[in-house]
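Fold and contact review
Here's the letter readout for the chains.
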Amino acid sequence: MLFRNERKAIGCPSFFWIPAYFSIQISCFFMWITSIRRMSLDHHPGFDTGGSLWFQNLTEIPNGLYGPLFPFLIAGLHYTNTQVAFSASSVHKVDKFTELAKVFKIFLNIMTFAFYFLAFQMPQGSLLYWSTNLSFSIAQQSILRHPVVSAKLGLQGNDTVQKEAGNPILTNINEAKLTDPSSKGRLISVHNLTPKELVGLSTKYLSGGHKEKSIPLLRLALEKDPEYLQAMVILGQALYQKEQFAEAAKYLEQAASKLIDACPTEVEKVDLLIVASQWAGVSNIRQGKTSEGITHLKRVANMKEPDDPKSKAHYLDALVLYSSAIFNEGRREEAAKYLRRVVAYDPSFKELLKQCEEDDDDTTTIANSTSSSQSTHKTS
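Residues numbered from 1 in each chain as written. Predicted model: local features only at pLDDT ≥ 70, side-chain atom pairs only at ≥ 80, totals over all residues. Heavy atoms only, no water.

The tendency in soluble globular proteins is for nonpolar side chains to be buried side by side. Val 199, Leu 222, Val 233, Leu 235, Leu 319 and Tyr 322 are the most contacted members of the largest nonpolar core, which has 62 residues in total. Of all the elements, helix 13 (residues 309-327) adds the most residues to this core, at ten residues. Excluding residues that lie within four positions of it along the chain, Val 199 makes contacts with Leu 218, Ala 221, Tyr 228, Gln 230, Ala 231 and Ile 234. Counting residues in hydrophobic clusters, the runner-up holds ten residues, among them Leu 77, Met 122, Leu 127 and Leu 134. (Core = buried A, V, L, I, M, F, W, Y, C linked by side-chain atoms within 4.5 Å. Buried < 20%, exposed > 50% of the residue type's maximum accessible area, 1.4 Å probe, protein only. Helix = DSSP H or I, 4+ residues; strand = E, 2+ residues; numbered from the N terminus. Contact = heavy atoms within 4.5 Å.)

There is a patch of nonpolar side chains on the surface, built from Phe 22, Ile 26, Phe 29 and Phe 30 and spanning about 390 Å² of accessible area. For Phe 22, the position within the fold is in helix 2 (residues 17-41). (Patch = residues over 30% accessible without salt bridge, like charges linked within 9 Å, V, L, I, M, F, W, Y side chains within 5 Å. Areas by Shrake-Rupley, 256 points an atom, 1.4 Å probe, with all protein chains shown as cover. Salt bridge = Lys/Arg side-chain N within 4 Å of Asp/Glu carboxyl O.)

Attention shifts here to the layout of surface pockets. Put simply, the second largest pocket is a space of about 370 Å³. Lining the second largest pocket are 16 residues, with His 78, Asn 81, Leu 108, Phe 115 and Leu 134 positioned closest to its centre. Mapped onto the lining of the second largest pocket, the elements with two or more residues apiece are helix 3 (69-86), helix 4 (98-118) and helix 5 (124-144). Residue composition of the lining of the second largest pocket, by class: ten nonpolar, six polar and no charged. (1 Å grid on protein atoms, 1.4 Å probe; cavity = no way out; pocket = protein on both sides within 12 Å on 5 of 7 lines; lining within 4 Å. Points joined across faces, edges and corners; volume = space filled by probe spheres on them. Nonpolar A, V, L, I, M, F, W, Y, C, P; charged D, E, K, R; others polar.)

Once that is clear, we can look at the environment of Gly 46. As for its position among the elements, Gly 46 is in the loop between helix 2 and helix 3. It is 8.7 Å that separates the C-alpha atoms of Gly 46 and Leu 58, two residues lying twelve residues apart in sequence.

For the rest of this paragraph, the subject is the packing of helix 12 (residues 290-301) against helix 13. Taken N-terminus to C-terminus, the directions of helix 12 and helix 13 make an angle of 135°; their axes are 9 Å apart at the nearest point. The orientation of helix 12 with respect to helix 13, classified from their angle, is oblique. You can see that helix 12 and helix 13 cross each other, and the crossing is left-handed. Side by side, helix 12 and helix 13 meet where Ile 294, Leu 297, Lys 298, Val 300 and Ala 301 of the first sit next to Tyr 315, Ala 318, Leu 319, Leu 321, Tyr 322, Ala 325 and Ile 326 of the second. (Axes fitted to C-alpha atoms, helices over the stretch in contact; angles between N-to-C directions. Parallel < 35°, antiparallel > 145°, perpendicular 65-115°, else oblique. Left-handed = near helix turned anticlockwise from the far one by under 90°.)

Moving on to helix 13. Here helix 13 contains 19 residues, and its C-alpha end-to-end distance of 27 Å stays within 8% of the 27 Å for a straight helix at 1.5 Å per residue. Counting buried residues in helix 13 gives 15 out of 19 residues, a clear majority hidden from the surface. (Expected span 1.5 Å × (residues − 1).)

For the pair helix 7 (residues 195-207) and helix 8 (residues 211-224), the least separation of the axes is 8 Å and the interaxial angle reads 165°. Accordingly, the angle class assigned to the pair helix 7 and helix 8 is roughly antiparallel. Read as a crossing pair, helix 7 and helix 8 show a hand that is left-handed. Along the contact surface, helix 7 presents Pro 195, Leu 198, Val 199, Leu 201, Ser 202, Tyr 205 and Leu 206, while helix 8 presents Lys 211, Lys 213, Ser 214, Leu 217, Leu 218, Leu 220, Ala 221 and Lys 224. By residue class, the composition of the contact of helix 7 with helix 8 is ten nonpolar, two polar and three charged.

Structure (structure tokens):
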């Protein structure tokens, strides 16, 4: 159902194309594999003589000293084919299919062992066909993933990062290039991209853990559009993750100030204000500016709880950080009040709430929880 909805959303052809592909490809596959099997078992002329190396007779099942070679080859080719198919797979572009793809890959990896033992029960003629088929499949996928070939065939989207063949991910902003779909695969410099495209590219680098590559792109986006609030917030988050807390706070506070002046009502702008205030708060706290940090976090605590699920998640994160900060300032009852609101949605914070409600003055655990929460935040 998820696949059908996504297919309709991007305007794929009729549903009847799916059984058409299935009826042709599956029929051909079974015709080939059963024909070769019957030729092997029926001693088709030439199958029982004239072979080479360790498979002189293709009608026999693997045997002798070199018997395990074909099963090992089949298992190795299947495993390689699986890794190639799922490396840089386009499935990850649709979050709904990410977990499904991971499970399917695990299943195929487990099947490697099943195929190894199954191959000992098949005539060598079938194994020869099977290994040839897998080899061609690996070669086909490798060729289609080559940037020049995929550009010629129009298989790359307009946001696909280009790499020269054999080179690692580009590290210099002047070298980073994208495919221009209107110019049949011609590469264009990131300096020709819009601020929105630059932010999109930077978030892909951030999600891959390449903060040092995303920051120059975000700075370039702000050079082109100094009022681009989303770029300010994401740049602040990236700088925070690089432990450049002072500069991170500067961008986050600037974004929060502009959003407050605009009195946002749209869901996206409200969410951006929550995120900017939250990260500005933790950036100041990490610098030792606790009062300034609490001021930013309190701004979120005083806001009306948002209805949007994504905004609510950010809102609750900010409440946890605010509660921890004021708890460490001795404001135990107030911290407990906000944590109760969080626990109503996420019971995993009951332990923190219990500490706030206790009478002892041991703040070590909750302080550590705050630090851990800050260090494990991901870019939103």
